[in-house]
Every structure is written in structure tokens, then in C-alpha cells.
2 protein chains.
Amino acid sequence: MKPVDPHPGSGIDRRVLLSTMALLPALSTALLPESVAAQTATSAGPLPSWNEGPARQAILDFVRATTDRSSPNHVAPEDRVAVFDQDGTLWVEHPIYSQVVYCLDRVPAVVEKKPELKNVEPFKTVLSGNREAIARLSLRDLEKVLVATLTGMTVEEFVAEASKWLDTAKDPRWKRPYTELVYQPMLEVLRYLRDNGYKTYIVTGGGQDFVRVYAEKVYGIPPEQVVGTAAGTKYGYGKDGKPILTKEPKLLLNDDKAGKPEGIHLMIGRRPYAAFGNSTGDREMLEYTGAGAGARLKMLVLHDDAAREYAYGPALGLPDSKVGTFTPELYDEAKSKGWMVISMKNDWSRIFAFDQTRGL
Amino acid sequence: MKPVDPHPGSGIDRRVLLSTMALLPALSTALLPESVAAQTATSAGPLPSWNEGPARQAILDFVRATTDRSSPNHVAPEDRVAVFDQDGTLWVEHPIYSQVVYCLDRVPAVVEKKPELKNVEPFKTVLSGNREAIARLSLRDLEKVLVATLTGMTVEEFVAEASKWLDTAKDPRWKRPYTELVYQPMLEVLRYLRDNGYKTYIVTGGGQDFVRVYAEKVYGIPPEQVVGTAAGTKYGYGKDGKPILTKEPKLLLNDDKAGKPEGIHLMIGRRPYAAFGNSTGDREMLEYTGAGAGARLKMLVLHDDAAREYAYGPALGLPDSKVGTFTPELYDEAKSKGWMVISMKNDWSRIFAFDQTRGL
């Protein structure tokens, strides 16, 4: 086993952001809305979109071990906490995080309100729609885009803006809203755990406020159970004297890598019994979960299904996609610590609710 | 109405900490444990320890208005959030916050582990037990005490230390554990709101990790529903290679005054429908709650019962006690905005569960 570096890096990989820009097809276009596919499974029994195999069995065994009152690993209901990474674990992250698309898409509206930015970089480049030029933006420039599009408004204004985008923006490959690109098997795990008394949390490197906009509707996870990278807000009073909270460009919690267990302690205050991830950003969260006593479920989604979704990552000998990196070292750690790797290709009979194609 | 200063100060009033030191009777002595009084009301109906009157009626009216499906102010169950300040609202804060007593009491144990601190200020002075000298400690010295006693250990070690103290330390006036000095009428409000589908949260200027140690047992409020002043933790690995979270001397959230609505947004992500406080530290939280649409319950506990608890605060024309300051300006704002002021003397027939004396 290779020596484990306790701090293999902190924060968002800057190269990730920059490189994914190159893959950005264009500012996403708002097409006509389509009907939202039902996300409930119709088959009887738990986990109908999972094939028989060790991954599905591990989930069933864990739930039995922690909820059967006669089990030595029975867990009191109030301690039943399960945490889920979002990007690449609950929904598609490839080829670019949808929140980054959101920020780029918001630039025209920001410039409309502040016309003086029109000929100022990086806004000028983003407005040009020139993908190569956008990909060459410096980190400092990208930060300006994030700050301009994610801060400076009230929390209510942000919710309204993000909701509108989510209702209209579409993924270029599937031509569907991003909120439909959620993994049906994972929706079933969320529901199965909740049916067995687990409180389900999202613990994401993405923006906490952004994910909260749709988490309840899409995953059945309420805002108070979304832990994410969080900027501060500032309390003040609007022109009418009414109290307002304004989103500030001040990072409170970088909820990635070591920041995930730290965020779990801050926001939940209990060690999880189950943790799901898909990349090196989730490594510390799974380690922290696994270090608790009794039965603990640790699972990693491996993107190995090029036909139905994507195949990427160095663990498969494939190029690093710059999103959700699954390294050989992570694979080794998973094997040595008994973490279960979920093969999308082999373990999931269906990827999306709208996908009628069955796998194995 | 006086003009409202949007930011009357931020953070913990430093004078509070310094001045309360003077009132510290002594490092609390650990006496023999007594049996814990039952905290459940036995009378039939809700709020048995409340006298008939506008305060009790306001609570009943609010619950009816927000839970009756035919009410124009009906609130969906998932939106039912009620927030409670702790010190002076749920339990006794006078003459000194119990967490400050905890920190001073911890100094001998800290010095035992680090004997080099024995003759170093401020630890030398705290060890002397000389109240006047402790009261004269500078803010910088006090911060050293807080940092030495609240950080540097794993989160599990902190829970063990604080639990042991809470089991043995006693309030000098009542000769009972601090966790028994909770207001019976407020326990009834917590239960009544929960029985009506409300999620109850503590939103305290006190330490989040400290309050979490006892909140579930004492108030029925789980760790994930305690929002407080929070320091960061650092993820790392112990000598045995196991992941640990170490409490760090880095302030993440100063959950007082404007920090309360900011903390509510960070940790809950929903505007509360009910808010209870007792001081200027709760003002912004009540304003923020009141600025929402529909029926909102805003209540302030007034400490006006010198016989059964304490009477203090400028709003009563009494000296500022340096804990939970209730100013005339806060009283004016409460009146102008329809916030309900709870008179402990007139509105509560009983203060503590162990108190068999009935009031009015």
C-alpha cells in the first residue's frame, strides 16, 4: 500500500476549473421546457435499479445490521446519518460542473445591470462566447466571474435567479434540465435509507446556497440538510427598512477534501454511518465515516459507463477528466479499507429515470 | 420611535466578559450529584406553567394560525422552524454564563497537562482563585484562557471533558447542576411547538460545541439543530493513523447580534416562523423572523423576578447586569413591532421543574 499523504491538497483544483472551460460547449441555450420524468421507481422492493451484486448487497446488509434491534451493530434512530457527495455521485458532473455553467450564463444579466462591465475583462470574453478564449481566462478572472454572479444580491434574489436558470437551462448531450440528470439508483438509496430512519445529507464541494435551491425537489433533501462550500452573508436593512441578508464574497467553508469532515462537524455534529462519494474530494469524508465504531457503509461511484453516461478517471487508465478525479491511489485505499466501489456499468441497471434502456 | 442603528455593535461585548468575572463567586465546587428533577409537565393541556395572559395566548394563537389547514396563515410542515436563544431564554445566565465558569474550572486540568503554564499569566491568576485578580485580567488574557480550554483537543475529548463538568459542577445559589436551571415554561413551549410539527433550534451566542453536549438531553434538541458561535476544526490523523478532528482557535461564526440571522441562513437555510430571545443579542434574529410574511411569533423574556430568579437590565431601570442586556431601546422596538415581552414574574407560574412554589 502506498503511503497516504494526509493532505493531498486543499480547495478546488484550480486546473479543474480552467481545463473544464475548454470543454464547455457554449453558454447553454434555454430551450422549451419538457415534462419532468417521474423519479420514483415503480418496481417492488428496494433498489430496483441496482443489479444483484456486492454493491447492492452491501447496502442491504448495512441497513439490516444497523436497524435490526437484535443486531450487535444496531444504531439508535437519532444517530442514523448518511452523507452524499453531489457532483458525480448523485448527478452528472461531466464534462463541467453545472454550477460553473450557471455562473457563465449569468454574466449577460450581470452586465445588463452594470453596463460599465461590458468592455471589461473577463466579462467581455465571457460575453463573446469564444470557448477557447474563455478557457484561457486566468484564475483571477474566473474568480471575478464567480464573485459577480454569486454574491452581492440578497439570498432571496439569488434563489429566484438560480431557480429560473434551473427551470430553463439544458444539458447539451441529453437536452434535458440538469435536475433530470440525477442517478435513479442513488435516488433509490436515498429513499431506502430514509425509509429506514436515516437522515440523508448532501455534503458537496459545490455551493451550499446553489444546491439548496433544488435539493428538496430533486432529492427530497431539505435546505438544512445540505452542507456545501459556503460564503458568508451580511445582515442589513433594505431601502424600505426591512432586514435583508446579502451574499458576501467571503469564504466560510471550503467543503471539499478535509473540509468535508470539518463541514460535517460544523453543520451536523455527528459522525455519519454511511458516506457516498466518487472522487479524491470525498476521501477524507469516507475515512472519517469509516473510523467510527460498528457497521459503517463507505461507497464510491466509479464512472465506467461510456455508453450510458461517461467513463473517465486515472483509476480506469483513462485521462483525468478534471472533474471528480478517481485516482489509482484512491482505488487502493478503497480496497485496503473495505470501501465498496460501485461500477455504474455493472451495478446499475438504469442510470436515469428517463432512461428506459436496461443494462446488464 | 428612535432611529434604528443597523449595527449597534458586533461580537461578544468584551465588557460583559470582564465585568461578569467580578461576580464569579469562586471556581465552582463539584458537590455530590443530586437526582435530576423530572422536566416534564404533569398538568393536562399545553403550557401548564404559564399563567393566563397575553404571552401564553400569543403562543396558542400562533400555533393555531400556522397549523390549522383552513387558516390563511397555514405553514407547510417542512417550513415550521422555531429558534431559541439559550442563555437567559432557556436557562439561567445570571450572574455569569456557565460556559465561562467551565473555562475557568478547566484551567487546573490544562495546567496539569502543561506544567510550564503554572507560573505563567493568566493561568497563575486563575489558579489563585482570587476573584478580584481574575476580574482584572485583560481581554487578551481571557482569550488565552478560552483558547487553552476550548481548543487543541479532539472533538471527542472535548465532549468527554464538558460532560464530566456538567455532571458535577453546581450553581452556587441553587446548589444544582446548571442543566437543571432550565425554565420549565420554555421546555413546555419547545415541546408544544414540536408536537405541532415545528423543528426547534437553539441559536446561541455561546459555543456551539459546548451547547451540543447537553442540548439533546436537556431540551430534546439534537446537535444538528444547535447553531452557536463556532470555531473551526482541523482534519488530521492521530498517532494510530485514525482520522481525528481537532478544535482550532479560528472563529468561523460569531453567532450573536447580526451573526444570528447570518448563522440561521448558514445552518438552517430557512427564515424562522418563531423566535425567542431575551436581550439585544437577539434583536436582529427577531427582526429577521418578523420580516417574513404571514404569522410570525417574536418573544422576549424579561428577567423581572428577583425572588424566584433574578431581576436585571436597564429596561427595568435596574443596573445593567452585563449578561443579556435588555435595553429601553429594545423594549421600544418590541412595542413598535408587536413583539411580545414575557414577564417571568407575571407570565410564569413556575420557573424551574424542581420549584414547587407557584407564582400568581
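Each value, and the rule that gives it
- Residues numbered from 1 in each chain as written.
- Chains lettered and ligands numbered in written order.
- Predicted model: local features only at pLDDT ≥ 70, side-chain atom pairs only at ≥ 80, totals over all residues.
- Heavy atoms only, no water.
- Least-squares fit on C-alpha atoms with pLDDT ≥ 70 in both.
- Contact = heavy atoms within 4.5 Å.
- Pairing = 2+ DSSP bridges.
- Helix = DSSP H or I, 4+ residues; strand = E, 2+ residues; numbered from the N terminus.
- Axes fitted to C-alpha atoms, helices over the stretch in contact; angles between N-to-C directions.
- Buried area = accessible area lost by both parts, 1.4 Å probe.
- Salt bridge = Lys/Arg side-chain N within 4 Å of Asp/Glu carboxyl O.
- Polar contact = N/O pair within 3.5 Å; in protein donor to acceptor, adjacent residues only side chain to side chain.
- Nonpolar A, V, L, I, M, F, W, Y, C, P; charged D, E, K, R; others polar.

Undergrad: Break down the relation of the copies chain A and chain B for me, with residues and values.
TA: Between chain A and chain B, which share one sequence, the superposing operator has a rotation angle of 180 degrees and an axial displacement of 0.0 Å; the RMSD is 0.0 Å. The two molecules are tied by a two-fold rotation axis, judged by turn and shift. Here 100% of the interface residues in chain A have copies in chain B that are interface residues too; the copies meet face to matching face.

Undergrad: Explain the sheet that holds strand S6 (residues 243-253) of chain A to me, and be specific about the residues and the numbers.
TA: Residue and element names in this part refer to chain A. Taken in spatial order, the seven strands of this open sheet run S6-S5-S4-S1-S7-S8-S9, and their pairing is mixed. Pairing within the sheet leaves two strands with one partner each, and these edge strands are S6 and strand S9 (340-343). The sheet shows a mean angle of 35 degrees between the axes of neighbouring strands, direction not considered. Judged from the four bridges that link them, strand S4 (residues 199-207) and strand S5 (residues 226-237) form a sheet pairing that is parallel. Across the sheet, residue Ile 202 finds its bridge partner in S5, namely Val 226. Here helix H11 (residues 283-290) sits on the sheet in contact with strand S1 (81-84), S4, strand S7 (274-277) and strand S8 (297-302), set at roughly 165 degrees to S7.

Undergrad: Describe in detail the interface of chain A and chain B, supporting the description with residues and values.
TA: Contacts between chain A and chain B engage 39 residues on the former and 40 residues on the latter. Summed over both sides, the interface between chain A and chain B buries roughly 3500 Å², with carbon and sulfur atoms accounting for 53% of that surface. Among the residues of chain A in contact with chain B, Glu224(A), Tyr235(A) and Leu266(A) are the three that bury the most area, contributing 19% of the side total. Summed over the shared surface of chain A and chain B, the result is eight salt bridges. With its nearest N and O atoms 2.8 Å apart, the salt bridge here joins Lys199(B) to Glu224(A). Counting across the chain A and chain B interface gives 24 residue pairs in polar contact (both at pLDDT 80 or more). For the side of chain A that touches chain B, the secondary structure elements donating two or more residues are helix H7 (155-168), S4, helix H9 (208-219), S5, S6, helix H10 (259-267) and H11 of chain A. Of the residues in the side of chain A that touches chain B, the class split is 18 nonpolar, six polar and 15 charged.

Undergrad: Would you mind going over the sheet that holds strand S3 (residues 226-237) of chain B in detail, with residue names and values included?
TA: Taken in spatial order, the seven strands make up an open sheet running S4-S3-S2-S1-S5-S6-S7 (chain B), and their pairing is mixed. Only two strands of the sheet have a single neighbouring strand rather than two, namely strand S4 (243-253) and strand S7 (340-343) of chain B. For this sheet, the mean inter-axis angle between neighbouring strands, taken without regard to orientation, is 35 degrees. The pairing of strand S6 (residues 297-302) of chain B with S7(B) spans four bridges and is parallel. Looking at the pairing, Met299(B) lines up with Met340(B) of S7(B). Its contacts with the sheet place H10(A) against S3 and S4 of chain B, and it is angled at close to 155 degrees to S3(B).

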